[in-house]
Amino acid sequence: MYNYFMLIGRICTDIEIKEVGEGKKVVNLLLAVNRDFKNMDGTITTDFFRVSLWEFLADIANDCLKKGAMVGIKGRLVPKKETTANKTVITVTELVGERIVFFDSLNNPKDMTQVEKES
């Protein structure tokens, strides 16, 4: 079994690191991803995805990324149960990033998961 996604796109929002329960850090990105084909009317559709980056990757995103940057994000899908206002339980799929590759420098994409954690 395999749970995996890979997206390459541009960051649409300013980077904002948040601390949630017990000092854990998270950055929630909105990533714009162009489809690789044109529609019937000749335009390219852009899809938007919310991706969460936790702990070490949240720090990297906060320090190194900005709105408009092109990045590749690899990660996993996490299904979560949520209750709506009318008490209906629904399943929402969260995209959790596990690896970031910067594409702003086309000659030297940088894979930030290879950087050692500082002690």
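In short, a report on the structure. Here the structure is a predicted model, which is why all the values come from computation and not from measurement.

The rules behind the values
All residue numbers here refer to positions counted from 1 along the written sequence of the relevant chain. Local features in this predicted model are restricted to residues of pLDDT 70 or higher, and side-chain atom pairs are both shown and tallied only at a pLDDT of 80 or more, whereas totals for entire chains, interfaces and linings draw on every residue. Note that water and hydrogens are dropped before the side-chain values are worked out from all heavy atoms of the structure. We count a stretch as a helix when DSSP gives it H or I for four or more residues in a row; a strand needs E for two or more, and each element gets its number in order from the N terminus. In this description, contact between two residues means that some pair of their heavy atoms is separated by no more than 4.5 Å. Here the open area of atoms and residues is found with the Shrake-Rupley method and a 1.4 Å probe, where only the protein chains shown may cover a residue. Each residue gets one of three labels from its accessible area relative to the maximum for its type: buried under 20%, exposed over 50%, partly exposed in between, using a 1.4 Å probe on protein chains only. Under this definition, polar contacts are N or O atom pairs within 3.5 Å; protein pairs additionally need one hydrogen-donor-capable and one acceptor-capable atom, and for neighbouring residues in sequence, both atoms have to be side-chain atoms. Regarding the arc, it is the one traced by the directions from the helix axis to the C-beta atoms. We define a nonpolar core as any set of buried Ala, Val, Leu, Ile, Met, Phe, Trp, Tyr and Cys residues linked to one another through side-chain atoms lying within 4.5 Å.

**Focus: the overall build of the chain**
Working step 1: Counting its regular elements, the chain contains 1 helix and 7 strands.
Working step 2: Mapped in sequence order, the helices and strands of the chain form the string β-β-β-β-α-β-β-β.
Working step 3: Once local pairs closer than 6 in sequence are excluded, the contacts in the chain between residues at least 24 apart make up 54%.
Working step 4: Total accessible area on the chain stands at roughly 8400 Å², and carbon and sulfur atoms take up 51% of it.

**Quick notes on the environment of Ile90**
Working step 1: The topology assignment puts Ile90 in strand β6 (residues 89-102).
Working step 2: Expressed as a C-alpha distance, the spacing of Ile90 and Lys80, which sit 10 residues apart in the sequence, is 8.2 Å.
Working step 3: The residues contacting Ile90, other than those within four sequence positions of it, are Lys80, Lys81, Glu82 and Thr84.

**Description of the environment of Lys66**
Working step 1: Its place among the elements puts Lys66 in the loop between α1 (55-64) and β5 (70-83).
Working step 2: Residues Lys66 and Ile15, 51 residues apart in the sequence, show an inter-C-alpha distance of 6.1 Å.
Working step 3: Not counting residues up to four positions away in its chain, the partners in contact with Lys66 are Ile11 and Ile15.

**Focus on the side chain of Ser52**
Working step 1: Looking at the element boundaries, Ser52 is found in strand β4 (residues 44-54).
Working step 2: Looking at Ser52, the relative accessible area reads 6%, which means it is buried.
Working step 3: Reaching out from Ser52, the side chain makes a polar contact with the side chain of Glu94 at a distance of 2.9 Å.

**Regarding α1**
Working step 1: For α1, the complete set of buried residues consists of Leu57, Ala58, Ile60 and Ala61. Buried residues along α1 cover an arc of 160° about the axis, so they all sit on one side.
Working step 2: At its buried positions, α1 is contacted by β2 (17-20), β3 (24-38), β4 and β6.

**Here we look at the nonpolar core**
Working step 1: Of all hydrophobic cores here, the largest spans 21 residues; its most connected members are Ile11, Leu53, Val71 and Ile73.
Working step 2: Only β1 (5-11), β3, β4, α1, β5 and β6 provide two or more residues apiece to this core.
Working step 3: Excluding residues that lie within four positions of it along the chain, Ile73 makes contacts with Phe5, Met6, Leu7, Leu29, Leu31, Val51, Leu53, Gly97 and Arg99.

In short, shape yes, function no, at least from these values alone.
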